[in-house]
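# Examining the three-dimensional arrangement
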Amino acid sequence: MSLNSLLSIFVPKNKVFYELFEKVADNVAKMGTLLKNVVAEPDFDKRAMIISQIEDLEHTNDELTHSIFTELGRNFITPFDREDIHYLASSLDDIADYIYAAAKKINFYRVNPNDTGMQKMAELIEQSAHQVCIAVKLLRNMKDMRQITEALVKINSSENQADDIFDMSIERLFDTEPDAKEVIKKREIYQVMEIVTDKCEDASNVIESIIIKYA
Amino acid sequence: MSLNSLLSIFVPKNKVFYELFEKVADNVAKMGTLLKNVVAEPDFDKRAMIISQIEDLEHTNDELTHSIFTELGRNFITPFDREDIHYLASSLDDIADYIYAAAKKINFYRVNPNDTGMQKMAELIEQSAHQVCIAVKLLRNMKDMRQITEALVKINSSENQADDIFDMSIERLFDTEPDAKEVIKKREIYQVMEIVTDKCEDASNVIESIIIKYA
Amino acid sequence: MSLNSLLSIFVPKNKVFYELFEKVADNVAKMGTLLKNVVAEPDFDKRAMIISQIEDLEHTNDELTHSIFTELGRNFITPFDREDIHYLASSLDDIADYIYAAAKKINFYRVNPNDTGMQKMAELIEQSAHQVCIAVKLLRNMKDMRQITEALVKINSSENQADDIFDMSIERLFDTEPDAKEVIKKREIYQVMEIVTDKCEDASNVIESIIIKYA
């Protein structure tokens, strides 16, 4: 917060938004990778350590998002439409929130590190978050539209794949898990992971609406 | 997409939005009717065929919604407030998404075609979606406000009835279904069906806010 | 509705919004207190009576929210940004909706009045709703920013506490409740109560974005 406030004095207003969004995007990509590590980690103490790293990133992200909204309130001139800044900041914040929520639930319910459905979901989340990061960073110089579009197509493709993995995993869960309480727990984790890919798609949609206006 | 892009060259900008919204509204109404057919269909193969029709309509709808957002990015002049176009397109898209989600779950969990609670929910969804379609089409000539208002009142009434059916169905489910896994499955379907009527009400609220401004 | 329409003739436009928001805020605070009473009430007939009071307040709130949107459609000049009025009205309406939903579920599932987790959640909701009411009322004379900020900090703190209570309660629920159907019921109530505190935080965020612009 104070660092960003300081920055806003020296940096032309337009650049403040890009810098904040890029930091958020980097955080989101890191969180995606850490979530994949959480799922695969067999040692539950080490798992807890990764989750505390995710928690720290989530807190930093909250502060960055808060700074974006503060800058939005302060500045009349913004690099792209105010409503798009609002939507983009919200959707990136949602990605971070749901990654953290998924990590907590995976730890809390002591998920088996060999659960292939969850591993696949975590891979798709990592890929989506990484492409969101790429697309956000390309907004600063809206020159290479093809590159942005490629990232957006990959995000949407991951979301579709996550839907299929979700459906298959839930089907298998109901068929193979006799304990209803276990069904509730695992289904909840799958749902939260699937929401992460939805939120990546939301971010992708906002980015698309930004580039349409500036095309 | 390409058809709509082509259209936008020949048709005055204002009309593009009406045409896209009317196509979406027709799709949504069709999907409502097909969902009712899914619930009532005793033959599970035929059920799967109806669901693939719903899936096709949902994909078409995604493209139409995408076109609305593209046009919104391209055009400075719009027939009603930009934010209202955004909200209306989003809420109609949500109706289609949740109808498709409900249809998939009904098939996936092999719901009994004689489930009266679900039949009643499906009837309310069909009615709501039909009234949403009527209200959207009346936006082109905002002359007969009484007719639009009648449609909106019917949508809100269906939403209230769906709430009551939902509460009663869940109560009966907990009382009569001994298998917790079955409770989870059916409760999820009821929830998704109830959300469809909520989304119809969201669309109704946007339409109301549009007609207030142009009254 | 008719009272508010009448009011809008005599009262300068700006004040209409403050008056409507203050009525909504009072309602929301009352509903928070009644929800705490619902949880603690051992007599299930008396519980039903409190819930019908909550229902009445929720209906009044719906009408007030509707009036805010109607005024927003009618007036070009508003005391703060149109989108902020929209978001604030929506988030306050959501608080009321989820308090009512929680109350109905507590009654419906015949929750034990001695459930300490739910009592603690209800206390946090009451406090949050009360601070939301204070913050909304301070918007009329945006002089004492410190007082508004204090209310917002308290709302965010309650939301964090509610998250912790939620996690602990769900952990205990899975550990101690052998009946999966009971797990489903209680988990749903905790979820809805936790959403109430989220919606209070949403309202808090909108209020913050309003005061930043007018600081």
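These numbers come from a predicted model, not from an experiment. (Residues numbered from 1 in each chain as written. Chains lettered and ligands numbered in written order. Predicted model: local features only at pLDDT ≥ 70, side-chain atom pairs only at ≥ 80, totals over all residues.)

## With respect to the overall build of chain A
Helix and strand content of chain A: seven helices and zero strands. Ordered by position from the N terminus, the helices and strands of chain A form the series α-α-α-α-α-α-α. Taking 17 Å as the expected radius of gyration for a compact globule of 215 residues, we find that chain A reaches 18 Å, a close match to that expectation. Its C-alpha atoms give chain A principal-axis dimensions of about 60 × 35 × 20 Å. Counting across all 215 residues of chain A, residues that qualify as buried make up 44%. Restricting to contacts in chain A with at least 6 residues of sequence separation, those with at least 24 account for 82%. (Helix = DSSP H or I, 4+ residues; strand = E, 2+ residues; numbered from the N terminus. Rg over C-alpha atoms; globule rule 2.2 N^0.38 Å. Buried ≥ 20, exposed ≤ 12 C-beta atoms within 10 Å, placed from the backbone. Contact = placed C-beta atoms within 7 Å.)

## Some remarks on helix α3 (residues 44-74) of chain B
End to end, α3 of chain B covers 45 Å across 31 residues, agreeing with the expected 45 Å (1.5 Å per residue, within 8%). Within the span of α3 of chain B, buried status applies to R47, I50, I51, I54, E58, N61, L64, T65, S67, I68 and E71 of chain B. (Expected span 1.5 Å × (residues − 1).)

## So, the relation of the copies chain C and chain B
Mapping chain C onto chain B calls for a rotation angle of 120° and an axial translation of 0.0 Å; the resulting RMSD is 0.0 Å. A rotation of that kind, with that shift, is consistent with a three-fold axis. For chain C, the residue whose C-alpha comes nearest the rotation axis is A180 of chain C, separated from it by 3.5 Å. (Least-squares fit on C-alpha atoms with pLDDT ≥ 70 in both.)

## Digging into the environment of S90 of chain A
The topology assignment puts S90 of chain A in helix α4 (residues 82-108). On the neighbour-count criterion, S90 of chain A (18 C-beta atoms within 10 Å) is partly exposed.

## Details of the interface of chain A and chain C
Quite often, the size of an interface is put as the accessible area lost when its parts meet. Between chain A and chain C, the residue contacts involve eight residues of the former and eight residues of the latter. For the side of chain A that touches chain C, the secondary-structure elements that each account for two or more residues are α3 (44-74) and α7 (180-213) of chain A. Among the elements that line the side of chain A that touches chain C, the one with the most residues is α3 of chain A, at four residues. Partitioned by chemical class, the residues of the side of chain A that touches chain C number four nonpolar, two polar and two charged. (Nonpolar A, V, L, I, M, F, W, Y, C, P; charged D, E, K, R; others polar.)

## Observations regarding the interface of chain C and chain B
Counting from both sides, the interface comprises eight residues of chain C and, opposite them, eight residues of chain B. Of all elements in the fold, only α3 (44-74) and α7 (180-213) of chain C reach the threshold of two or more residues within the side of chain C that touches chain B. It is α3 of chain C that provides the largest number of residues to the side of chain C that touches chain B, a total of four residues. Class assignment for the residues of the side of chain C that touches chain B results in four nonpolar, two polar and two charged.

## Observations regarding the nonpolar core
In terms of nonpolar packing, the biggest core is built from 59 residues, with V28, L35, I95, I99, A102 and V132 of chain A touching the most fellow members. Those elements giving two or more residues to this core turn out to be α2 (13-40), α3, α4, α5 (116-138), α6 (145-176) and α7 of chain A. (Core = buried A, V, L, I, M, F, W, Y, C linked by C-beta atoms within 7 Å.)

## A few points about the packing of α4 of chain A against α7 of chain A
Residue and element names in this part refer to chain A. Contact geometry of α4 with α7 gives a least axis separation of 9 Å together with a crossing angle of 165°. Relative to α7, the element α4 is oriented roughly antiparallel. Viewed along their axes, α4 and α7 form a crossing whose handedness is left-handed. (Axes fitted to C-alpha atoms, helices over the stretch in contact; angles between N-to-C directions. Parallel < 35°, antiparallel > 145°, perpendicular 65-115°, else oblique. Left-handed = near helix turned anticlockwise from the far one by under 90°.)

## Points about unusual backbone geometry
With phi around 50°, R110 of chain A is a residue other than glycine that occupies positive phi space. Positionally, R110 of chain A belongs in the loop between α4 and α5.

## Things to note about the environment of I195 of chain C
Looking at the element boundaries, I195 of chain C is found in helix α7. Between the C-alpha atoms of I195 of chain C and D94 of chain C, which are 101 residues apart in sequence, the distance is 9.2 Å.

## Digging into the packing of α7 of chain A against α7 of chain C
Running from amino to carboxyl end, α7 of chain A crosses α7 of chain C at an angle of 35°, the nearest separation of the two axes being 8 Å. In the crossing of α7 of chain A with α7 of chain C, the sense of the turn from one axis to the other is right-handed. In this structure, α7 of chain A contributes A180, K181 and I184 of chain A to the contact, and α7 of chain C contributes A180, V183 and I184 of chain C. For the contact of α7 of chain A with α7 of chain C, the per-class residue count stands at five nonpolar, no polar and one charged.

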